[in-house]
Amino acid sequence: MTVVDTSIADQPRYDCRDAYVETLAELAHADHRIVGVVNDSVGSSKLNSFRKAFPDRLINVGIAEQDMVGVASGLANGGRIPFVSAASCFLTARALEQIKADVAYSNANVKLCGMSPGVAYGELGPTHHSIEDIAWLRAIANMTVIVPADPVETAAALRWAATSEGPVFIRVSRMSVPKVYGDDYEFELGKAITVRAGDDVTLISNGTVLWRALVAAEQLAAEGISARVLSMPTVKPLDVDAVVAAARETAGIVTAEEAVAGGGLGGAVAETVVQHHPARVSILGFPEFAPTGSAGYLLDRYGLSAEGIADAARKLVKPSS
Amino acid sequence: MTVVDTSIADQPRYDCRDAYVETLAELAHADHRIVGVVNDSVGSSKLNSFRKAFPDRLINVGIAEQDMVGVASGLANGGRIPFVSAASCFLTARALEQIKADVAYSNANVKLCGMSPGVAYGELGPTHHSIEDIAWLRAIANMTVIVPADPVETAAALRWAATSEGPVFIRVSRMSVPKVYGDDYEFELGKAITVRAGDDVTLISNGTVLWRALVAAEQLAAEGISARVLSMPTVKPLDVDAVVAAARETAGIVTAEEAVAGGGLGGAVAETVVQHHPARVSILGFPEFAPTGSAGYLLDRYGLSAEGIADAARKLVKPSS
Amino acid sequence: MTLTVEHTTMPVLGRLPIHSSRAEQVAHIAEAAKQIRIQDLKLVHYAGAGHIGGDFSAIDILATLYGAVLDITPETVNDPERDRFILSKGHVAGALYTTLAAFGFLPVDELATFLKPLSALNGHPNRNKVAGVEANTGPLGHGLPVAVGHALSAKLDVSLRRTYVLVGDGELQEGSNWEAMMAASQYQLDRLTVIVDRNRLQQGATTKETNDLDPLPEKAAAFGFAVVEVNGHDHGELLDVLSAVPFRPGKPTFVIAHTHKGHPISFMSNNVAWHHRVPDDAEFQQALTELESAGRPRFDREPV
Amino acid sequence: MTLTVEHTTMPVLGRLPIHSSRAEQVAHIAEAAKQIRIQDLKLVHYAGAGHIGGDFSAIDILATLYGAVLDITPETVNDPERDRFILSKGHVAGALYTTLAAFGFLPVDELATFLKPLSALNGHPNRNKVAGVEANTGPLGHGLPVAVGHALSAKLDVSLRRTYVLVGDGELQEGSNWEAMMAASQYQLDRLTVIVDRNRLQQGATTKETNDLDPLPEKAAAFGFAVVEVNGHDHGELLDVLSAVPFRPGKPTFVIAHTHKGHPISFMSNNVAWHHRVPDDAEFQQALTELESAGRPRFDREPV
Ligand SMILES: Cc1ncc(C[n+]2csc(CCOP(=O)(O)OP(=O)(O)O)c2C)c(N)n1
Ligand SMILES: Cc1ncc(C[n+]2csc(CCOP(=O)(O)OP(=O)(O)O)c2C)c(N)n1
Ligand SMILES: [Mg+2]
Ligand SMILES: [Mg+2]
């Protein structure tokens, strides 16, 4: 598979919701069982064109997330494949027991699509920041958790989800990102992708932060530090082998994600290394409710920029006295 | 502080809900601001006597957990100190957005008491098992997470919570436990307690599993393995120094908790060691939705027995080839 | 006390031929309900756990549904076009398992595993383990949204299959139900029937003392449902109403089934203590005697 | 375009003396509402974000509450006995901040920090950062339970302080509200007033197309509230109703304020596109002209 890696910061940027709706429409054309389920989030999920194409197959339950997820479970019982599309903050916080009981424990064939996750809602504040979603859903048994990094991976993950049986949570980013992958990319569940080879230190990332990790690796290369960059779209189940190899072969691991620092990707990596091959891990993420600021401002503020990631990597390679 | 340590398995057992209601009544007598808030859980929280003593100060909103937590936040706005008492599974899963927005982010002076947590509800099944609560609440900023190990610690933590300002989550165990602490115990937030000294390996535990870790340490001692046992009532904020010392001074750490394996105490310890002093950690907990069985059966089945903990410790001390 | 196969004595009753008379159907349901109660009493007594009050409140409804209303049999339990029944008040799993066994979905002697390690018969129903269970319930307020989802799927399929969901009255304090009712009405799901087990008791007290549901008919009507009230222990009334839905084209139906928790046992009936109390030996014997004594137990609807 | 202090031109209006006549109060509220709209328009236009449709729908209600109804002033903002107002539809934070500034709770020029890095004026209100904000809202369906909690605290204190909460109509699709309403009625919280901004639009469509709330008066009445309907842009009606609560002793009050999103701007009013659209330069100028033009904008209640 091709990885787009030259001066990624200068590439055009994409809102992954566009890939989401395109792919959903493509899937819905091919499989009549696919339906959308939303909470007054037709616009914010960019599903206007989908509704036009499939007026009966977009179920809008209104502003009612518990009902939304319960309804999705019932639709699955009736043989449908529901894609629930709602702001990730409300989907996961408001309907968590439905996700646990009606989807995960019931093993219902429901695809939960958390739109505009992380701090995409910037100035709308912590109530709208969905930084806990990964930690919350990772704690639930029988739940697959996927955090795609670009439009290509978003589309590929959705296609995979549509044809695999069972509960899946996919984050669909709003904050625009360059393409990391070529169009030949195929999603494989539970597999890390080495998007850049390296031996000194490992950067593990996903979602909107992955390309920043690639830029960080370039900066580090200029200083003679060879950083391996692992794309980790599947947070659960985690690619244990890739993490253990990184722990074994490099000086340490930096995890960087648009999420709370702990419990999510960073937590999963930490739990893996301590149980298989103890190593230093620097976990980047949000340590508190963010103050007012745009998404970009907040990422920078909490070290989720290329500079912040490179800094964390430097400290692992050359620990200060 | 005294630690009760001789043949703890033979000591009388206590349901920590009894300490809970006794302490709550004592606190309510001393401070008129204290009120209880429940979701038809007067009986399951053992609050019948409290209701008799303070008929107006036990607010039963009915079977409505979202409302329960929102109401608690409003009561705090009015100057009250609400202790929300509800089965931990429903309190945390059903009202998670209220916990995040109305309590944690609002910095409301609300005490969330998760009754009958873990697998206490045994045969009632995964919908009633509250094994994710610690991971879920730990991911929320500005949230203190406390998991007391016995009636003494439950009472002490409640007294602490009543006089400290801000959001607190306390698990109140139903599954009966022997006393680990003497009556002179005082709760200190964010501090581990070395309930047994040791140099070979460290067992970190809390809640209903702590006494099992003590029994495991005795079994290990009989084999010449000196196990340090750290009681970790505060999962958040974690006692970083105690964890780092354990990582530095012993061959590895076993974490054992009545919770999902990952994201909770084990996750917090893993994240701490990888960032401060990489070491082996064996994380014990539930890896899946449990099958039918009593609480005791399930703890044993998933290695949360003295034997299971001792086994994990042995593997750390003498790694098999 | 341990539950063993010796305690699983219930005959398998199955369904009557489709063209049986109403009187035959009602008699059959009555016999089924009696046998299910006797068996369920044994389950709870010997297993030492269960929710007998809510079980006995709901058994006449369950027996009517599985005995004569639902288009579902052990053979069609996976047929996509089967009717769906969702037990939202999942704490009465024991009553559901016993009912499923009575109608052949489950071997009667499997009831002996109720609550035992690794049994399929958990304290709350699991659809992945028990044929005939449509939803994993237990937390209250989940079944109605799931039922709405299923009714929507039927509507999308232009199918005539029906969806029934049984909710507790205390359970209706959960807001998720009202979200689902608004949606059901918006989508005009007239093949959806919500049955409320209106026993006026919840876990710790009466609904009135806790968080009154009344005026419940007005609430349901204002949320767009056609409302019908029945005696929830009268098999004839239940049969007539549950097989006649929908009552108003375009509207989902809300059946308020007036019941007593613990019905018809003299010392359990309408007594909140029996939400999850387990009968001791003497209580067990007395309850068994009352159930086995001839005649159909009387239930007079309370003045509301 | 950047928001600067130059754009924060609103006069501080404060409260009239207590014994002012009703006519004086109404005129004062009208002037305040006008100034708040002009200022809020500038905030949204220059900051490039906000929810102007919902802001303009609610401003007459906010101006009436802070201008003449609530027993709260900048001096008593921490007084335990103050009335509480909770903005449940937290997405109209801009309208709330501007209202708070108009009545002296917040320096007018601090409005220039709206949405800027580290500003206290977040896109949704934060009670820990802005004096006068009682609850951190933003996710819908949170304010009403919190208001019930506060009203309960007042009742426990045997206090006469009142609690008002403003909810969106789309917001009422959240079940948490109905849980809270049942509890409010159970606890007879007659010093609690729920005001619904009944603009019949939500984020993406009309309420009717999405998940119809009607018959809303019947729903609220069945949930135990005294229901009153008002023209939500008529300051006199709002003043009369909001200061007269409770209407039925022992019952909480449900005020359905009929409004238009975007009122009174010709091209915004009742237009769903303006949920969170930002006026461009031409639109800004036209809206400003319409607001500044003399006379009180007319609002005729729609036939329901
Ligand atoms: C979300 C949730 N909260 C609390 C409970 C605990 N609980 C189990 S049964 C019950 C009472 C139910 O009362 P009702 O719905 O009236 O049922 P019935 O009277 O038929 O037993 C409660 C509160 C639960 N199962 N789920
Ligand atoms: C729990 C939740 N779900 C979804 C949203 C997204 N959202 C913000 S405003 C809005 C529409 C609100 O409509 P309404 O309550 O009628 O308010 P108004 O018309 O006054 O703007 C939605 C769906 C939210 N803020 N919270
Ligand atoms: Mg009941
Ligand atoms: Mg509206």
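Just so it is clear, the model here is predicted, and its values are computed rather than measured.

Some words on the sheet that holds strand β2 (residues 163-168) of chain D
Residues and elements named next belong to chain D. One open sheet accounts for 5 strands, arranged β1-β2-β3-β5-β4; its pairing is parallel. At either margin of the open sheet sits one strand with a lone partner, and together these are β1 (84-87) and β4 (226-231). Pairwise comparison of adjacent strand axes, ignoring direction, gives a mean angle of 20° for this sheet. In the packing of helix α8 (residues 235-244) onto the sheet, the strands contacted are β2, β3 (192-198), β4 and β5 (253-258), and the crossing angle to β4 comes to about 160°.

Comments concerning the interface of chain B and chain A
Taken together, the contact pairs 41 residues of chain B with 41 residues of chain A. Carbon and sulfur atoms make up 61% of the surface buried where chain B meets chain A, a total of about 3500 Å² over both sides. Area buried by chain B at its contact with chain A is led by Glu97, Lys100 and Phe289 of chain B, which between them contribute 19% of it. In this structure, the connection of chain B to chain A is made through 4 salt bridges.

Here we look at the site of ligand 2
Residues in close proximity to ligand 2 total 24 residues, the closest being Glu65 of chain A together with Lys89, His91, Asp169 and Gly170 of chain D. One nitrogen or oxygen atom from the main chain of Gly170 of chain D is found 2.9 Å from an oxygen atom belonging to ligand 2. Here an oxygen atom of ligand 2 sits 3.0 Å away from a polar atom, N or O, in the side chain of Asn199 of chain D. Taken by itself ligand 2 offers 590 Å² of open surface, and the protein chains cover 96% of this. Across the shell around ligand 2, the residue classes tally to 5 nonpolar, 11 polar and 8 charged.

So, the UniProt feature "domain: Transketolase-like pyrimidine-binding" (unreviewed entry) in chain A
UniProt feature "domain: Transketolase-like pyrimidine-binding" (unreviewed entry): in the numbering of this structure it lies at residues 14-179 of chain A. Within residues 14-179 of chain A, the helical portion is 42% and the strand portion 19%, while the C-alpha atoms at the span's ends are 7 Å from each other.

What about the domain arrangement of chain A?
Residue and element names in this part refer to chain A. Taken domain by domain, chain A holds domain 1 (8-178) and domain 2 (193-317). A C-alpha centroid distance of 25 Å is found between domain 1 and domain 2. On the side of domain 2, 35 residues touch domain 1, which itself brings 33 residues to the contact. Together, the buried faces of domain 1 and domain 2 total about 2500 Å²; carbon and sulfur atoms form 64% of this surface. On inspection of domain 1 and its partner domain 2, the count reaches 1 salt bridge. Linking Arg138 and Glu271 is a salt bridge whose minimum nitrogen-to-oxygen distance equals 3.1 Å. Run the count over domain 1 and domain 2 and you get 14 residue pairs in polar contact (both at pLDDT 80 or more). Per element, the largest residue contribution to the side of domain 1 that touches domain 2 is 4 residues, and it comes from helix α6 (residues 133-138). A class-by-class count of the residues in the side of domain 1 that touches domain 2 yields 21 nonpolar, 6 polar and 6 charged.

A closer look at the interface of chain A and chain C
Counting residues at the interface gives 25 residues for chain A, matched by 25 residues for chain C. Among the residues chain A hides against chain C, the three largest losses belong to Asp67, Asn77 and Tyr105 of chain A. Together they make up 27% of the total. Across the pair Arg80 of chain A and Asp157 of chain C runs a salt bridge whose closest N-O atoms are separated by 2.5 Å. One can count 13 residue pairs in polar contact (both at pLDDT 80 or more) joining chain A with chain C.

Notes on the site of ligand 1
Glu65 of chain B together with Lys89, His91, Asp169 and Leu201 of chain C are the nearest of the 24 residues found near ligand 1. Those residues lying near ligand 1 are distributed over chains B and C. Between His91 of chain C and ligand 1, the recorded distance is 2.7 Å, taken from a side-chain N or O atom to an oxygen atom. In the complex, the protein chains occlude 96% of the 590 Å² of accessible area that ligand 1 would expose alone. Looking at the shell around ligand 1 residue by residue, the class counts come to 5 nonpolar, 11 polar and 8 charged.

Points about the coordination of the magnesium ion (ligand 4)
Residue and element names in this part refer to chain D. At this site the magnesium ion (ligand 4) is bound by Asp169 (OD), Asn199 (OD1) and Leu201 (O), with donor distances of 2.1 Å. Counting the intervening residues between successive donors of the magnesium ion (ligand 4) yields the motif D-x29-N-x1-L. Here Leu201 lies in the loop between β3 and α6 (207-211) and Asp169 lies in the loop between β2 and α5 (175-186), a separation of 32 residues in the sequence. The pair Asp169 / Leu201 is uniform in exposure class, with both members buried.

Topic: the coordination of the magnesium ion (ligand 3)
Residues and elements named next belong to chain C. The protein atoms that coordinate the magnesium ion (ligand 3) are Asp169 (OD), Asn199 (OD1) and Leu201 (O), at distances spanning 2.1 Å. Sequence spacing among the residues donating to the magnesium ion (ligand 3) works out to D-x29-N-x1-L. Residue classification places Leu201 among the buried residues on the basis of a relative accessible area of 6%.

Structural notes on the pattern of salt bridges
This structure, assessed with the given rule, holds 56 salt bridges over all chains. Beyond isolated ion pairs, a larger network of salt bridges with shared partners links Asp15, Arg17, Asp18 and Lys46 of chain A.

Focus: the pairing of strand β5 (residues 253-258) of chain C
All names here are of chain C. Of all 6 residues in β5, 6 are buried; the element is thus mostly enclosed. Neither face of β5 is open: one carries Thr253, Val255 and Ala257, the other Phe254, Ile256 and His258, and all of them are buried. Both strand β3 (residues 192-198) and β5 contribute to a ladder of 6 bridges, which runs parallel. Across the sheet, Val196 pairs through a bridge with Ile256, a residue of β5. Note that strand β4 (residues 226-231) and β5 share 6 bridges and pair parallel. Note on β5: the bridge partner recorded for Val230 is Ala257. In this fold, β4 hands off to helix α8 (residues 235-244), which returns the chain to β5; that crossover is right-handed.

Topic: the side chain of Arg57 of chain B
All names here are of chain B. In this fold, Arg57 is placed in the loop between α2 (48-53) and β3 (58-60). Look at Arg57: it is buried, it has no salt bridge, and the nearest opposite charge is Asp31 at 6.1 Å. At 3.0 Å, the side chain of Arg57 forms a polar contact with the backbone oxygen of Asp31. Apart from the residues within four sequence positions on either side, Arg57 is in contact with Ala28, Asp31, His32, Arg33, Ile34, Val35, Gly36 and Phe50.

Looking at unusual backbone geometry
Pro215 of chain D follows Asp214 of chain D through a cis peptide bond whose omega is 0°. Geometrically, the link from His263 of chain D to Pro264 of chain D is a cis peptide bond, its omega value of 0° lying close to zero. Residue placement: Pro264 of chain D occurs in the loop between β5 and α9 (281-292). Phi at Val158 of chain C takes a positive value of approximately 50°, unusual for a residue other than glycine. Summarising the element assignment, Val158 of chain C is placed in the loop between α4 (143-156) and β2 (163-168). One non-glycine residue with positive phi stands out, namely Asn270 of chain D, at about 60°. The topology assignment puts Asn270 of chain D in the loop between β5 and α9.

Some points on the sheet that holds β3 of chain C
In any sheet, the strands associate via hydrogen bonds between backbone groups, in a parallel or an antiparallel arrangement. Residues and elements named next belong to chain C. Strand order in the open sheet formed by 5 strands is β1-β2-β3-β5-β4, with parallel pairing between adjacent strands. Edge positions in the sheet fall to β1 (84-87) and β4, since each has one partner strand and no second. Taking each pair of neighbouring strands and ignoring which way they run, the sheet shows an average axis angle of 20°. Here β1 pairs with β2 via 4 bridges, running parallel. Looking across to β2, one finds that Phe85 is bridged to Tyr164. Taken strand by strand, α8 contacts β2, β3, β4 and β5, and its axis lies near 160° from that of β4.

Conventions we followed
- Residues numbered from 1 in each chain as written.
- Chains lettered and ligands numbered in written order.
- Predicted model: local features only at pLDDT ≥ 70, side-chain atom pairs only at ≥ 80, totals over all residues.
- Heavy atoms only, no water.
- Pairing = 2+ DSSP bridges.
- Helix = DSSP H or I, 4+ residues; strand = E, 2+ residues; numbered from the N terminus.
- Axes fitted to C-alpha atoms, helices over the stretch in contact; angles between N-to-C directions.
- Contact = heavy atoms within 4.5 Å.
- Buried area = accessible area lost by both parts, 1.4 Å probe.
- Salt bridge = Lys/Arg side-chain N within 4 Å of Asp/Glu carboxyl O.
- Near = heavy atom within 4 Å.
- Polar contact = N/O pair within 3.5 Å; in protein donor to acceptor, adjacent residues only side chain to side chain.
- Areas by Shrake-Rupley, 256 points an atom, 1.4 Å probe, with all protein chains shown as cover.
- Nonpolar A, V, L, I, M, F, W, Y, C, P; charged D, E, K, R; others polar.
- UniProt positions renumbered as here; feature names shortened; annotations may be inferred.
- Domains from an automatic or database assignment.
- Donors = N, O, S within 2.8 Å, 3.2 Å for Na, K, Ca; no water.
- Buried < 20%, exposed > 50% of the residue type's maximum accessible area, 1.4 Å probe, protein only.
- Right-handed = clockwise from strand over helix to strand, strands pointing away.
- Lys, Arg positive; Asp, Glu negative; His and termini not counted.

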